[in-house]
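# Geometric and topological summary
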Amino acid sequence: MRALYERNQADVSEAKSGRTDLIFLIRFRHCCLLRNQRCIVAYLYDRLLRIRALRWEYGSILPGTIQFHMAAEEVEWFNRYKKSLATYMRSVGGEEGLDLTQDIKPPKSLYIEVRCLRDYGEFEIDDGTTVLLKKNSQSACLSWKICVSVQHFLPRWKCEQLIRQGVLEHILS
């Protein structure tokens, strides 16, 4: 684009000195520059929309594989958007705020059955009970060689973020 712009500026100065045959070429280059500019702005806007969607999909911390493919300015924009969204959510909904990232789709039930896919550690529920989320954890054996893997029955709103992060898997009956 810089080369087109510089060549156009050179032709403009020649056209001012009397070469009127360059006017059509100048207009054509100018239209090309405007089109390229519109395409670049549309591309950047689409990237920002996708980065904004990542905040809703993955939460406030992006996986390293996604962050690796982002420019420094995009990471900075993501962090500013994340802070702005957090400030808004704290200002709405009373003392605790309102987490808008939960229940993106309306739930059919308040509790869901989930299976742990990778080690997470202790997970505390509102009533104070803690659940150990460990990959391939097993409960007591039912017989000599038959063991049942642990499936947890947890509040949907507490584990929805972990489902999106790939820690838990929602088991559909």
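All values derive from a computational prediction rather than experimental measurement. (Residues numbered from 1 in each chain as written. Predicted model: local features only at pLDDT ≥ 70, side-chain atom pairs only at ≥ 80, totals over all residues. Heavy atoms only, no water.)

Membership of the largest hydrophobic core is limited to twelve residues, which are Ile 112, Val 114, Cys 116, Phe 123, Ile 125, Val 131, Leu 133, Leu 154, Cys 159, Leu 162, Val 167 and Leu 168. Elements supplying a minimum of two residues to this core: strand 1 (111-116), strand 3 (130-133) and helix 5 (156-165). Here the element with the most residues in this core is strand 1; it accounts for three residues. Setting aside residues no more than four positions away along its own chain, Val 167 makes contact with Arg 115, Cys 116, Leu 117, Arg 118, Tyr 120 and Leu 162. In terms of nonpolar packing, the next biggest core, distinct from the first, is built from seven residues, Ile 66, Met 70, Val 75 and Phe 78 among them. (Core = buried A, V, L, I, M, F, W, Y, C linked by side-chain atoms within 4.5 Å. Buried < 20%, exposed > 50% of the residue type's maximum accessible area, 1.4 Å probe, protein only. Helix = DSSP H or I, 4+ residues; strand = E, 2+ residues; numbered from the N terminus. Contact = heavy atoms within 4.5 Å.)

Once that is clear, we can look at the pattern of salt bridges. As enumerated under the stated definition, the model contains seven salt bridges in all. Across the pair Asp 46 and Arg 50 runs a salt bridge, and its minimum N-O distance is 2.8 Å. One end of the pair, Asp 46, and the other, Arg 50, are both in helix 2 (residues 23-58), four residues apart, so they sit about a helical turn from each other. In this structure, the salt-bridge partner of Arg 115 is Glu 169, at a minimum N-O distance of 3.0 Å. Of this pair, Arg 115 sits in strand 1 while Glu 169 is found in strand 7 (residues 168-170), placing the two residues 54 residues apart along the sequence. The exposure class of Glu 169 is partly exposed, given its relative accessible area of 32%. Among the ionic contacts, a cluster of salt bridges with common partners joins Arg 7, Asp 11 and Arg 29. (Salt bridge = Lys/Arg side-chain N within 4 Å of Asp/Glu carboxyl O.)

Throughout the structure, instances matching the rule amount to two aromatic pairs. Plain terms: the ring middles of Trp 77 and Tyr 81 are 5.4 Å apart, the flat faces sit at 5° to each other, and that makes the pair stacked. With Trp 77 and Tyr 81 both in helix 4 (residues 72-91) and four residues apart, this pair spans about one turn of that helix. Judged by its relative accessible area of 23%, Trp 77 falls in the partly exposed class. For Tyr 81, a relative accessible area of 18% puts it in the buried group. (Phe/Tyr/Trp six-rings, centres within 6.5 Å; stacked < 30°, edge-to-face > 60°.)

As a further point, take the packing of helix 2 against helix 4. Taken N-terminus to C-terminus, the directions of helix 2 and helix 4 make an angle of 50°; their axes are 10 Å apart at the nearest point. Here helix 2 lies oblique to helix 4, going by the angle between them. Every pair of crossing elements has a handedness; the one defined by helix 2 and helix 4 is right-handed. Touching Arg 47, Leu 48, Ile 51, Arg 52, Leu 54, Arg 55 and Trp 56 of helix 2 are Glu 74, Trp 77, Phe 78, Tyr 81, Lys 82, Leu 85 and Met 89, all from helix 4. By residue class, the composition of the contact of helix 2 with helix 4 is nine nonpolar, no polar and five charged. (Axes fitted to C-alpha atoms, helices over the stretch in contact; angles between N-to-C directions. Parallel < 35°, antiparallel > 145°, perpendicular 65-115°, else oblique. Left-handed = near helix turned anticlockwise from the far one by under 90°. Nonpolar A, V, L, I, M, F, W, Y, C, P; charged D, E, K, R; others polar.)

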